Amino acid sequence: MNFGIVAIWHGFFAALAAAIVFIIEGRKFNRGPREMLPVKKSHAVKLFYLATGASVVASFLLFADLLSHQFQFAYVAKNSSLNQPLLYLISAFWAGQEGTFLLWTLLVTLLGYVFLKRSNERDHYAMSLISSYVAFLFLLMIVKSPFETSAVIPHDGSGMNPLLQDPWMAIHPPILFIGYAAALFPFALAVSGLIRKNYDNWNKSGFAWTLFASVTLGAGIVIGGFWAYEVLGWGGYWGWDPVENSSLVPWLVLLALIHGLLVQRQKNALVRTNLFLAIVSFLLVLYATFLTRSGVLADFSVHSFANLGISNYLIAAMVFGTAISIGTFAVRFREIPYSKLEFRFNREFALLLGLFALCVGALFTFFGMSSPILTGLFGQASQVETSFYNKVNLPVAICIALLLGVTPFLGWSEETKTGILKRFSMSLALTLLSCSIAYVAGVRSAMQMIFVGSAAFALISNVIITFRQYRSGWMSLGGPVSHIGVGLLLIGIVGSGAFDVTKQVVLKQGEPQNVQGYQLTFKGIEEHGAKPIVLIDVSDGTRSYTASPKLYYSEYNQAVMREPDIKIFPLSDLYLSPIDLKSTGQPEGPAGTYELTKGETKEINGYKITFARFDMSSHGQPGGMSVGAVLSVSAEGVEHEATPQLVFNERGERQMMPAELPLLSKAANSTAPRISLNAISVEEKKVLVELHGIGAEVREPAGQQLILEVSIKPLMMVVWTGVVLIIAGSGVSLKRRITAA
């Protein structure tokens, strides 16, 4: 008997029954905002506990199957192997879609258990919605189960993708999914409040759940960014990928909701707005699930999962959730208490502007990440370039930073201009000093200077407020600490983006070379399990160390994989990313590896090669995706187009698909040379291409040479310090809210 499938069916029926019985009990015992039905008499609660137990049992069984190598289960065979370390056997639980749905179910049911235990009231309608969502997650696992068996049992499994075999794999997905799961609870409380016509009381517990969701979802996003920075050889921490944006947008809406709830607590205003934001934040989570899991973005994102045949279920969930929540909101809209806002220069007005700015940023990003779907409705599907996000969100970020600098000095009553200027005087003076330092450091663009000035203003103002509020106890510092983090993050983004310096070099083994102020010496390759280490001695004249980036061939991906070495210094990072390893005994000269930025032209042995654009079309790869680089090639005055591709199948395995170049009349051989695409950076609009079949004389004795990308990335420590303070400050605010409740 397949006990895993039995547990999933058991959980589905228990959750579905709980959803129905919660509604029945809600109608019977709804006598006001603080009704309570004892657990012993509540059949719905017992049913929900049964669903929770089913999710725990199913999770335990999947862990046991992974740890004991039960390869008769297709999910286990696909995501683990006999020689896989224990940490990655555990992480394999959520390495695939089926496992992440089980993880999601487990987290929602456990949080639902906490919700029932901590709640001072039994909110039947909220629990009905929560139970309905649990039933939906179980249904997805009935359609595509992690406990499906294979007719042929392999001796060993395929193993996890080497890029996922990183310690962050054990941390990032669970934290991100806690955030997704927690976003359900403000939604359920808001819809329940609308159904019960209890339009204000829902936010007493909803505020804490909103804070918890924003902390965990934000932490998941940040960890994902650091993981990308640490593992990807191109060195980016945010690429505005549609799947990355799909988690960012609900987080921005949750942050907007927090600011709206602060106004509602103080002024009893924004009741409609907050109900709407609580609903939309979770609907965006459903939409993110659809974007990521349906395969609709397979041609536009390397993070997108293959379609498992659940697209219709995901669409149905979005339609049902939208109909229930937005429909109820529309019906009750006129009955919801409305307090007219008085637009005075006070904290209420500043928080309202901050809420609006966060929503505008979320809206711009939403349309950007949805562009493949929106354009596909009217013709050829396409996506916006990364520059779109930078352009539309730059003014939003400046507005948010200015508001963060102004708001701490404002009271809830109207302020006089004289009093405000007096309070701002120190912040403004130090901001001007900061702008002067930025100018000396090399900031010349007017928009960059405004951005730096606004970020510095936010940072300085909140540092001042933190010192003033410290006497009131550390529990009062959540907001200022988070806002200090935002200021640091914005400054770090400018520094790391505008002053990043990158150079590609060829290091011959044993020969020192000065690059970017460092002396680098390639010492050779050291075997280190499945991932050999490249040894590079690094010295700046006063200190030295041995860098150990990784360059290895992956049987899983059928490709060469690269992991950089990062040396973190207070003001900059030294980022060493290996590109390729060559034998100097082979023909050299014009053939080799070249980096091209979009629009750049390079002359290589009679060819003029220009990188025109990326090509994200599928090229007949069902269930996978391909990324191509459209190259304009001029050979002997004749224009040609070549599109080498990197093809990824549904398991993430990578294959290079070279393109042929035209044969030159002076060529000694009769075989057309080829050009392959080795790596891409959508964020930096760069590609790494390699030429094959161009003959040249051997000029070097046998040996090894390393093609290495050396980058100096300023203020990365400032970026990570900022995000840590954002999460820490939000955590303090959550602790304060829970304690107060």
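Thresholds, definitions, all that
What you see as residue numbers is a count from 1 along each chain, following the sequence as written. Totals for whole chains, interfaces and linings use all residues, but because this is a predicted model, local features are given only for residues with pLDDT of at least 70 and pairs of side-chain atoms are given and counted only at 80 or more. Side-chain figures throughout are based on the complete set of non-hydrogen atoms in the structure, without hydrogens or water. Comment: elements are numbered from the N terminus, with helices defined as DSSP H or I runs of at least four residues and strands as E runs of at least two. Throughout, exposure labels follow a simple rule: accessible area from a 1.4 Å probe, protein chains only, divided by the maximum for the residue type, with under 20% read as buried, over 50% as exposed, and the rest as partly exposed. Throughout, a contact is declared for two residues whenever any of their heavy atoms are within 4.5 Å. Per-residue and other accessible areas follow the Shrake-Rupley method at a 1.4 Å probe size, with only the shown protein chains counted as cover for residues. A carboxyl oxygen of Asp or Glu within 4 Å of a side-chain nitrogen of Lys or Arg is what we treat as a salt bridge. Two aromatic rings, drawn from Phe, Tyr or Trp (for Trp, its six-membered ring), form a pair once their centres lie within 6.5 Å of each other, and the interplanar angle then sorts them: stacked below 30 degrees, edge-to-face above 60, tilted otherwise. Any Lys NZ or Arg CZ found within 6 Å of a ring centre and within 35 degrees of that ring's normal is scored as a charge over the ring. One less than the number of residues in a helix, times 1.5 Å, gives the span that helix is expected to have. By nonpolar core we mean a set of buried residues, namely Ala, Val, Leu, Ile, Met, Phe, Trp, Tyr and Cys, connected to one another through side-chain atoms within 4.5 Å. Here, axes are lines fitted to C-alpha atoms. For helices the fit covers the stretch in contact, and angles between N-to-C directions go from 0 to 180 degrees. For classification purposes, angles smaller than 35 degrees are called roughly parallel, those larger than 145 roughly antiparallel, those between 65 and 115 roughly perpendicular, and all remaining angles oblique. For this scheme, ten residues count as nonpolar: Ala, Val, Leu, Ile, Met, Phe, Trp, Tyr, Cys and Pro. Four count as charged, namely Asp, Glu, Lys and Arg, and the remainder, Gly too, count as polar. In protein, a polar contact means a hydrogen-donor-capable atom and an acceptor-capable atom, both N or O and within 3.5 Å, with residues adjacent in sequence counting only if both atoms are side-chain atoms; elsewhere, any N or O pair within 3.5 Å suffices. By definition, any crossing whose near helix is turned counterclockwise from its far helix by less than a right angle is left-handed, and any crossing with a clockwise turn is right-handed. Strand pairing requires that DSSP identify at least two bridges connecting the strands.

Quick notes on the overall build of the chain
In terms of regular secondary structure, the chain is built from 19 helices and 20 strands. The 741 residues of the chain split such that 54% are buried. Here the contacts in the chain between residues at least 6 apart in sequence split such that 70% fall between residues at least 24 apart. As displayed, the chain has an accessible area near 32,200 Å², and 62% of this comes from carbon and sulfur atoms.

What about the pattern of salt bridges?
Scanning all chains against the criterion turns up six salt bridges. Here Glu148 ties to Lys144 by a salt bridge, and the two come within 3.6 Å at their closest N and O atoms. Overall, Lys144 belongs to the partly exposed group, its relative accessible area being 23%. Glu385 serves as the salt-bridge partner of Lys598, at 2.7 Å between the closest nitrogen and oxygen. Of the two residues, Lys598 is situated in the loop between strand 10 (593–597) and strand 11 (601–604) and Glu385 in the loop between helix 14 (371–376) and helix 15 (386–406); the sequence distance between them amounts to 213 residues. The partly exposed category is assigned to Glu385, whose relative accessible area is 39%.

What about the packing of aromatic side chains?
Evaluation of the coordinates by the stated rule reveals 30 aromatic pairs. With a centroid separation of 4.3 Å and an interplanar angle of 15°, the aromatic rings of Phe185 and Trp209 are classed as stacked. Remark: Trp209 occurs in helix 9 (residues 203–231) and Phe185 occurs in helix 8 (residues 184–196); sequence separation between them is 24 residues. Of the two residues, Phe185 and Trp209, both sit in the buried class. Between Phe388 and Tyr389 the ring centres are 5.4 Å apart and the planes differ by 75°, which places this aromatic pair in the edge-to-face class. Joined through ring pairs, the aromatic side chains of Trp104, Tyr133, Phe136, Phe177, Tyr180, Phe187 and Phe282 make up one cluster. Sitting over the face of the ring of Tyr545, Lys567 holds its NZ or CZ atom 4.8 Å from the ring centroid. Here the guanidinium or amino end of Lys713 rests over the ring plane of Tyr575, the centre of that ring lying 5.2 Å away.

Quick word on helix 12 (residues 311–332)
Taking 1.5 Å of rise per residue, 22 residues should cover 32 Å, and helix 12 covers 31 Å from first to last C-alpha, within 8% of that figure. Of the residues making up helix 12, those classed as buried are Ser311, Leu314, Ala317, Met318, Gly321, Ser325, Thr328, Phe329 and Arg332. Those residues of helix 12 hidden inside the fold are in contact with helix 6 (124–143), helix 8 and helix 11 (271–293).

Things to note about the nonpolar core
Counting residues in each nonpolar core, the largest one holds 144 residues, and the members touching the most others are Trp104, Val108, Ile130, Tyr133 and Leu275. Of the residues forming this core, the biggest block, 14 residues, is contributed by helix 11. Sequence-distant contacts of Ile130, that is, excluding residues within four places in its chain, are made with Phe48, Val108, Phe115, Leu184, Phe185 and Ala188. Residues Val633, Ala642, Ala659 and Ile680 belong to the second largest nonpolar core, which totals 23 residues.

What about the packing of helix 11 against helix 12?
Packing of helix 11 against helix 12 brings their axes to within 10 Å, and their N-to-C directions diverge by 175°. Comparing their axes, helix 12 and helix 11 come out roughly antiparallel. For the pair helix 11 and helix 12, the contacting residues are Arg272, Leu275, Phe276, Ile279, Leu283, Leu286, Tyr287, Thr289, Phe290 and Arg293 in the first and Leu314, Ile315, Ala317, Met318, Gly321, Thr322, Ser325, Ile326 and Phe329 in the second. Taken together, the residues of the contact of helix 11 with helix 12 sort by class into 13 nonpolar, four polar and two charged.

A closer look at unusual backbone geometry
One non-glycine residue, Lys197, lies in the positive phi region at around 60°. Among the secondary structure elements, Lys197 is positioned in the loop between helix 8 and helix 9. At Glu636, a position not held by glycine, the phi torsion is positive, near 55°. Mapped onto the fold, Glu636 is located in the loop between strand 13 (625–635) and strand 14 (638–642).

Focus: the side chain of His172
Structurally, His172 is set in helix 7 (residues 172–182). A distance of 3.4 Å separates the side chain of His172 from the backbone nitrogen of Gly224, its partner in a polar contact. Leave out the neighbours within four places in its chain, and His172 touches Gly220, Ile223, Gly224 and Trp227.

Observations regarding the packing of helix 17 (residues 446–469) against helix 18 (residues 478–498)
Two numbers describe a pair of packed helices, the interaxial angle and the distance between the axes. Contact geometry of helix 17 with helix 18 gives a least axis separation of 8 Å together with a crossing angle of 155°. If you check the angle between helix 17 and helix 18, you find them roughly antiparallel. Seen from above, helix 17 lies across helix 18 with left-handed handedness. Mapping the contact onto sequence places Gln448, Phe451, Val452, Ala455, Ala456, Leu459, Asn462, Val463, Ile465, Thr466 and Gln469 in helix 17 and Pro480, Val481, His483, Ile484, Gly487, Leu488, Leu490, Ile491, Val494 and Ala498 in helix 18.

Some words on helix 17
Taking 1.5 Å per residue, 24 residues should reach 34 Å; helix 17 reaches 34 Å between its end C-alpha atoms and fits that length. For helix 17, the side-chain oxygen to backbone nitrogen distance between the N-cap and Met447 is 3.4 Å, and the N-cap itself is Ser445.

Some points on the pairing of strand 5 (residues 544–547)
The alternating pattern of strand 5 places Tyr545 and Ala547 on a buried face, while none of Ser544 and Thr546, on the opposite face, is buried. Pairing geometry for strand 4 (residues 533–539) and strand 5, over four bridges, is antiparallel. Within strand 5, the residue paired with Ile536 across the bridge is Ala547. In this antiparallel pair of consecutive strands, strand 4 and strand 5, the connection spans four residues, and Gly541 shows a positive phi of 100°.

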